[in-house]
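Coordinates in review
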Amino acid sequence: MNPHSANSKRERPPDGLFWLINEPPVMLVDTIVLAEGTHLVGRERTAAICLPDSTVSREHAQIVVIDSAVTVRDLESLNGTFLDDVPVKEQSSVKAGQHLRFGRVSFELVPANAHGKRAQTEVVSTEQWKQKDAANISHAIRSLSTAERGVLKLMLKGHSHKEIAQERHISVHTVNNHLRKVYQAFGVHSRAELLKIGRAHV
């Protein structure tokens, strides 16, 4: 099976799909759909799951989904693949609720039918994910503090400054200060410009 292949094109029932949820969030898109098939994880744009992070190797790991079974193996990556913080030395089974880490980028494996109980910014398939020009976005996000990331995610969901302040239990003035830092990181000058980037790249 080709390790660069993306998701199978035929539709699968919900219990045949999983989600990889980026936790803690490093990228704007924090949920990736895993359909049946073989998925290459790496820093290369041709990877099915492209993670533009300096700790991720060009061809870092391989995830295989067959029916309700998920396995992962490390591809001799520089910074390692970890399952619940234990190094993956050979092909290993991954269960729902376990955490996969590639370098410093960590994900939780969640069944697709549990997605409704979670709150994500955006969901994309592995095929969509690999087409994203995510390098600059990932760099910008990593430059933000945890508080600034939280404000950014709520703004991309369409929350007003007042709603963000209430959700984060901070003042509107603090929200504005955080957003100024966000604008600087992304090289924009307004909410509209940032939302345009979100629609184009997330």
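Higher on the page you've got the structure.
To keep things clear, this report deals only with the structure shown in the data block. (Residues numbered from 1 in each chain as written. Predicted model: local features only at pLDDT ≥ 70, side-chain atom pairs only at ≥ 80, totals over all residues. Heavy atoms only, no water.)

**A closer look at the sheet that holds strand E9 (residues 92-94)**
To be explicit about the condition: At least two bridges found by DSSP between two strands are what make those strands a pair. The secondary structure listing takes helices from DSSP runs of H or I that are at least 4 residues long and strands from runs of E that are at least 2 residues long, numbered from the N terminus.
If you trace the five strands from one edge of the open sheet to the other, you get E4-E3-E5-E6-E9, paired in mixed fashion. Either end of the sheet is taken by a strand with one partner, and the two such strands are strand E4 (49-50) and E9. Summarising the sheet, strand E3 (residues 37-42) and strand E5 (residues 61-66) pair through five bridges and their orientation is antiparallel. Across the sheet, residue Thr-38 finds its bridge partner in E5, namely Val-64.

**Section: the pattern of salt bridges**
Selection criterion: The term salt bridge refers to a side-chain nitrogen of Lys or Arg lying within 4 Å of a carboxyl oxygen of Asp or Glu. Only protein chains enter the accessibility calculation, which uses a 1.4 Å probe; a residue is then buried when its area is under 20% of its type maximum, exposed when over 50%, and partly exposed in between.
For the structure on display, the rule yields two salt bridges. For Glu-44, the salt bridge identified is with Arg-58, shortest N-O distance 3.7 Å. Of this pair, Glu-44 sits in the loop between E3 and E4 while Arg-58 sits in the loop between E4 and E5; the two residues are 14 residues apart in sequence, bridging distant segments of the chain. Since its relative accessible area comes to 33%, Glu-44 is described here as partly exposed. Given a relative accessible area of 53%, Arg-58 falls into the exposed group.

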